[in-house]
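Residues per chain are reported as follows:
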Amino acid sequence: MNCAGNALGAFHCRPHLTIFKVEGYIQACRGLMISAVCLGFFGAIFGLVGMKCTKVGGSDQTKAKIACLAGLIFILSGLCSMTSCSLYANRITSEFFDPSFVAQKYELGAALFIGWAGASLCIIGGSIFCFSIAENSNSPRRGYAYNGAASVMSSRPKIHNSVPDKTPPKHFDKNAYV
C-alpha cells in the first residue's frame, strides 16, 4: 500500500502495483513486447550478417539463408508486437463498452497505433528479407553494360570539312544551350 497524508491529517491509501501484482493480460502484453524487442534485436544482427555488403557470413548462399532467417525472426517479432497491442486494445474496448464496468475506463491511445504500425513494418520488412532469397536461388545476377552518355553533340553526325564554317547555325531549339 502507498499512503500519503496531508497537513490536516487525512490519509489516502492505494495499493501499490508491482510487476507481479498486475492483472494477467498486462503481464502477457509485457512479456510479448519484451520478446518482440529481443527478437527484433537478434533479427537486426542476423540481417546485418546476411547482407551481401558485409564480409562476415561466408558465401552468398549462406548469406541468403542467414537473411531468410533474419526475415523469419522479424516476422515473429512483428507478430509478438501485434498480438500484444491487439490483446491490450481488445481489453480496453471491452471494458469501455461494458455498462457494468464501474472502474476507470481507458481509451485507445497513440501508443497502440504506433505499436500496430511498428508491428506491420516488422512483418513487411521480414517478408522482404524472406523473399530476397528467391532472387538468389533462381538465376545469378546479371550486370548491365554501360554504353556511355549520349549528348546532343555526340548524337549528331560529324561533318569533316577542310575549311571550318564560321557561320552560326540558323536553327536554335530549346536544347541548344543546355
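Before any of the text, the structure's been laid out above.
Bear in mind that the values here come from a model prediction, so they are computed numbers and not experimental data.

Parameters and conventions
- Residue numbering note: each chain is counted from 1, following its sequence as written.
- It should be noted that, the model being predicted, local features are given only for residues of pLDDT at least 70 and side-chain atom pairs only at 80 or more, the latter also being counted only at that level, while totals for whole chains, interfaces and linings use all residues.
- Note: side-chain values were computed over all heavy atoms of the structure, leaving out hydrogens and water.
- What counts as a helix is a DSSP run of H or I of at least four residues, what counts as a strand is a run of E of at least two, and both are numbered from the N terminus.
- Residue contacts are counted whenever heavy atoms from the two residues lie within 4.5 Å of one another.
- Type-normalised accessible area, obtained with a 1.4 Å probe on protein chains alone, sets the label of each residue: buried when under 20%, exposed when over 50%, and partly exposed for intermediate values.
- In this description, a disulfide is simply a cysteine sulfur pair whose atoms lie within 2.5 Å.
- As used throughout, the charge tally considers Lys and Arg to be positive and Asp and Glu to be negative, leaving His and the chain termini uncounted.
- A pair is scored as a salt bridge if a Lys or Arg side-chain nitrogen falls within 4 Å of a carboxyl oxygen belonging to Asp or Glu.
- Counted as a polar contact is a pair of N or O atoms within 3.5 Å, where, for protein atoms, one must be capable of donating a hydrogen and the other of accepting one, and residues adjacent in sequence contribute only when both atoms are in side chains.

*Asks:* Is there a simple way to think about the environment of F46 in this case?
*Replies:* Within the element layout of this structure, F46 appears in helix α1 (residues 24–50). Filtering out sequence-adjacent residues up to four positions away, F46 remains in contact with I66, L69, A70 and I73.

*Asks:* Would you mind going over the environment of L87 with me for this structure?
*Replies:* Tracing the sequence through the fold places L87 in helix α2 (residues 60–96). Given the relative accessible area of 32%, L87 is considered partly exposed. Put simply, L87 and Y25 are 62 residues apart on the chain and 7.5 Å apart in space, counted from C-alpha to C-alpha. Setting aside anything within four residues of it in sequence, one finds L87 in contact with Y25, A28 and C29.

*Asks:* Explanation requested: the state of the cysteines in the structure shown.
*Replies:* Put plainly, a disulfide is one covalent bond tying together the sulfur atoms of two cysteines. Scanning the model with the defined rule gives one disulfide in all. Two residues, C3 and C13, share a disulfide whose sulfurs are 2.0 Å apart. Residues C3 and C13 are joined through a disulfide that is right-handed, its torsion about the S-S bond being 115°. Residue C3 is found in strand β1 (residues 2–5), and its partner C13 is found in strand β2 (residues 11–14); the two are separated by 10 residues along the sequence. Unpaired in this structure, C85 has its nearest cysteine sulfur neighbour in C29, at a distance of 7.9 Å. For C85, a relative accessible area of 5% translates into the label buried.

*Asks:* When you look at the side chain of K63 in this model, what are you seeing that I'm missing?
*Replies:* With respect to the secondary-structure elements, K63 resides in helix α2. For K63, which is buried and forms no salt bridge, the nearest opposite charge comes from D60, at a distance of 6.4 Å. Within the local environment of K63, its side chain forms a polar contact with the backbone oxygen of V56, the two atoms lying 2.6 Å apart. Setting aside its immediate chain neighbours within four residues, K63 contacts V49, G50, M51, K52, T54, K55, V56, G57 and G58.

Function cannot be inferred from these measures alone, as they are strictly geometric.
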